[in-house]
Amino acid sequence: MTRYLFVGPSLPDAALLAGDDIVLRPPVAAGDLPRLAAGPGDVVGIADGYFHQIRAVRHKEILDLLDAGVTVLGAASMGALRAAELDAFGMGGVGRIYRAFRRGELTADDEVTLLHGPADEGYPAGSEPLVNIRATLDLCIQEGVLDAATAAGLVTALARRPYRLRSYPDALHLASQAKVPDPTLERLREVFATRAVNRKREDALRLVGVLRRLGTARSGAAEPRPDRAPTVYVHRWRLGARSIETADGPVAEMSVLRTCQLFASDYPAFYRDLVLDALARECTETCGRRTATDPFDAALAHARHRNVIPDLGTLEPEDLDFLDPWLTPAEQTTHSARDRLGAFLVRSFQVAPGIPPDGQALDRLRSQPVASEAARIVIAAAQVNEQARLVRDAFDIHALSADRIRSYLAGRWGAEPQDLETHALDRGIASLDVLVAAARPYYLLAKYNPDLVDLRVEPQGHQASTATGTLRDDRQPRTEH
């Protein structure tokens with residue numbers, strides 16, 4: 001079991017207090033949780049998190065960990081907020097701040113927000129969280145320094161101010177403006193200077209204590225929740241968190257995949273095998289039967305079991321009209337019914353609504369030499385684009401002509417312009433918009449250095465183990481020079 005703690009200004013000395021068996025991370029931000037690769041039985045504690053200059057951790061990221069059998073706990077700051085929002089779904093909350101949000105006593109996110117300095121300086125505070133000032137004013141009420149009405153007025157006045165302008169000197173100034181007597185101001189100053197309550201630190205320490213106890217009291221791994229298809233967004237975050245290490249640093253796996261999809265001449269055959277194997281395997285696992293050993297035949301059989309396609313033995317001419325949007329005009333007139341059905345299965349395949357089999361493709365590509373070759377192209381393309389920016393400040397890959405990109409790819413793939421989308425589908429790219437977006441970072445490199453982007457998934461001279469029967473693709477890709 002691995003225990004993680006995302007913490008920052010709530011407990012700047014966490015390294016001295018947490019011990020060696022808790023893995024410390026800086027304040028959490030969007031995308032950090034998928035990168036942990038946490039699994040069943042692991043525990044993730046969240047105290048602090050970014051939200052302003054950096055995107056805040058998403059609820060779906062936490063839910064994804066919970067689904068994987070990871071225990072997720074929150075306290076003190078961002079963790080308390082997310083726990084109050086997600087405790088009904090299994091996230092645990094720790095401490096008084098969490099409970100106050102859970103009961104509705106606190107409602108504004110900026111109650112726990114503060115301005116702070118960098119980590120290497122110990123996150124020095126530039127403001128005071130309102131939740132701490134509230135707690136200190138409650139202490140003043142208990143000790144008879146202030147009455148409840150005056151304290152409530154100060155809290156209201158502070159709440160109207162931006163979080164970065166909240167501080168104990170600011171509270172004293174507001175008290176003076178409210179005509180609080182001088183002796184009371186002196187007592188307030190003494191409490192603020194010597195006995196101010198740090199509720200966020202208290203709760204962060206409680207979270208550390210819980211993480212320690214879990215390390216000694218728990219045995220075995222938590223059970224993952226029943227499998228359910230991820231949303232499109234969770235699917236993207238999971239893939240976006242994966243990278244390949246190179247001598248020049250990490251390269252995002254999705255960039256490697258896009259490079260293979262765009263430039264590997266044999267990618268359509270690779271992708272076709274991937275899809276047909278997946279359908280054949282699904283037939284064995286879910287239908288409880290597999291009458292064909294050939295993956296192509298098994299995929300067709302599975303589609304018939306699910307009533308996705310008609311039985312070839314009872315076809316009427318109009319029975320295959322539904323295939324036309326998935327086929328080129330030439331394919332509609334020259335390909336057999338079997339070939340057309342096969343093309344439809346490959347081009348329409350998704351592992352869940354809106355989710356292409358990108359993860360499955362990456363799982364196969366990762367161990368192939370082409371992965372490192374594609375990573376090299378990703379790095380080279382980034383260098384070319386950076387050079388273009390140095391030459392022309394206004395250069396932006398997003399301003400590149402979509403028509404030119406489509407024309408280039410049609411030429412490279414040997415596709416008629418009107419058939420480009422079906423060629424993209426053969427490479428696992430869902431639409432022309434996705435295709436153009438995927439190609440933008442590589443257009444300059446590929447256009448002017450075409451030989452640098454020549455790729456093959458299978459090494460030259462190696463015959464791909466395609467078992468697709470008569471599912472053919474007579475279109476030969478070519479390189480534009």
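Look up a bit, the structure's there.
Scope of this entry: the structure provided in the associated data block.

This next bit is on the overall build of the chain. When helices and strands are tallied, the chain shows 22 helices and seven strands. Expected size for 481 residues packed as a compact globule is a radius of gyration near 23 Å; at 30 Å, the chain overshoots this value by more than 25%. Overall, the C-alpha framework of the chain stretches about 95 × 60 × 45 Å when taken along its three principal axes. Counting only residues that meet the buried cut, the chain has 48% of its 481 residues in that class.

What follows deals with the environment of Asp-403. With respect to the helices, strands and loops of the structure, Asp-403 is situated in helix 19 (residues 402-413). Under the relative-accessibility criterion, Asp-403 is labelled exposed at 54%. Linking Asp-403 and Ser-10, residues 393 residues apart in sequence, is a C-alpha distance of 52 Å.

On to a negative patch on the surface, then. Together, Glu-316, Glu-318, Asp-321 and Asp-324 line one region of the surface with negative charge. Among the structural elements, Glu-318 can be located in the loop between helix 14 (295-305) and helix 15 (329-334).

Take the pairing of strand 3 (residues 43-46) next. Burial of the side chains of strand 3 extends over both faces: Val-43 and Gly-45 are buried on one face and Val-44 and Ile-46 on the other. Note: strand 1 (residues 3-6) against strand 3, four bridges, orientation parallel. Bridge pairing in strand 3 links Phe-6 to Ile-46. Examined bridge by bridge, strand 3 and strand 4 (residues 71-75) share four bridges and lie parallel to one another.

A few words on the pairing of strand 7 (residues 249-252). Examined bridge by bridge, strand 6 (residues 243-246) and strand 7 share four bridges and lie antiparallel to one another. Residue pairing for strand 7: Ile-244 is matched across the bridge by Val-251. Taken together, strand 6 and the strand that follows it, strand 7, pair antiparallel across an intervening segment of two residues.

Quick look at helix 3 (residues 59-67) now. Side chains that are three or four residues apart share a direction in an α-helix, a result of its 3.6 residues per turn. Burial within helix 3 is extensive, with seven of its nine residues counted as buried. For helix 3, the complete set of buried residues consists of Glu-61, Ile-62, Leu-63, Asp-64, Leu-65, Leu-66 and Asp-67. Buried-residue contacts for helix 3 involve helix 2 (32-36), strand 3, strand 4, helix 4 (78-86) and helix 11 (232-240).

Bringing the sheet that holds strand 1 into the picture now. Pairing is parallel across the open sheet formed by five strands, whose spatial order is 2-1-3-4-5. Where the open sheet ends on each side, the last strands, each with one partner, are strand 2 (22-25) and strand 5 (92-94). Direction aside, the axes of adjacent strands within the sheet are offset by 20 degrees on average. Where strand 4 lies against strand 5, three bridges are found, and the strand directions are parallel. What sits directly across from Leu-73, in strand 5, is Gly-92.

Before going further, it helps to examine the side chain of Thr-259. By secondary structure assignment, the location of Thr-259 is in helix 12 (residues 253-263). Among the polar contacts listed, one links the side chain of Thr-259 to the backbone oxygen of Ser-255, at a separation of 2.8 Å. If near-sequence neighbours (up to four positions away) are discounted, Thr-259 is found in contact with Ala-264, Ala-374, Ile-377, Val-378, Tyr-442 and Leu-455.

All right, on to the packing of aromatic side chains then. Pairs of aromatic rings are described using the distance from one ring centre to the other and the angle between the two planes. Going through the model one piece at a time under the given rule, you end up with eight aromatic pairs. A network of ring pairs unites the aromatic residues Tyr-267, Phe-270 and Tyr-271 as a single cluster.

To continue, consider the pattern of salt bridges. One pass over the full model with this rule turns up 27 salt bridges. A salt bridge links Asp-13 to Arg-201; the shortest N-O distance between them is 2.9 Å. Placement of the pair is Asp-13 in the loop between strand 1 and helix 1 (14-17) and Arg-201 in helix 10 (residues 199-217), with a sequence separation of 188 residues. Asp-13 gets classed as partly exposed once you look at its relative accessible area, which sits at 26%. Residues Arg-338 and Asp-297 are paired through a salt bridge, measuring 2.1 Å at the closest nitrogen-oxygen approach. Note that Arg-338 is positioned in helix 16 (residues 337-348) and Asp-297 in helix 14, a separation of 41 residues in sequence. Residue classification places Arg-338 among the partly exposed residues on the basis of a relative accessible area of 22%.

Cut-offs used in this document
- Residues numbered from 1 in each chain as written.
- Predicted model: local features only at pLDDT ≥ 70, side-chain atom pairs only at ≥ 80, totals over all residues.
- Heavy atoms only, no water.
- Helix = DSSP H or I, 4+ residues; strand = E, 2+ residues; numbered from the N terminus.
- Rg over C-alpha atoms; globule rule 2.2 N^0.38 Å.
- Buried < 20%, exposed > 50% of the residue type's maximum accessible area, 1.4 Å probe, protein only.
- Patch = residues over 30% accessible without salt bridge, like charges linked within 9 Å, V, L, I, M, F, W, Y side chains within 5 Å.
- Areas by Shrake-Rupley, 256 points an atom, 1.4 Å probe, with all protein chains shown as cover.
- Salt bridge = Lys/Arg side-chain N within 4 Å of Asp/Glu carboxyl O.
- Lys, Arg positive; Asp, Glu negative; His and termini not counted.
- Charge placed at Lys NZ, Arg CZ, Asp CG, Glu CD.
- Pairing = 2+ DSSP bridges.
- Contact = heavy atoms within 4.5 Å.
- Axes fitted to C-alpha atoms, helices over the stretch in contact; angles between N-to-C directions.
- Polar contact = N/O pair within 3.5 Å; in protein donor to acceptor, adjacent residues only side chain to side chain.
- Phe/Tyr/Trp six-rings, centres within 6.5 Å; stacked < 30°, edge-to-face > 60°.

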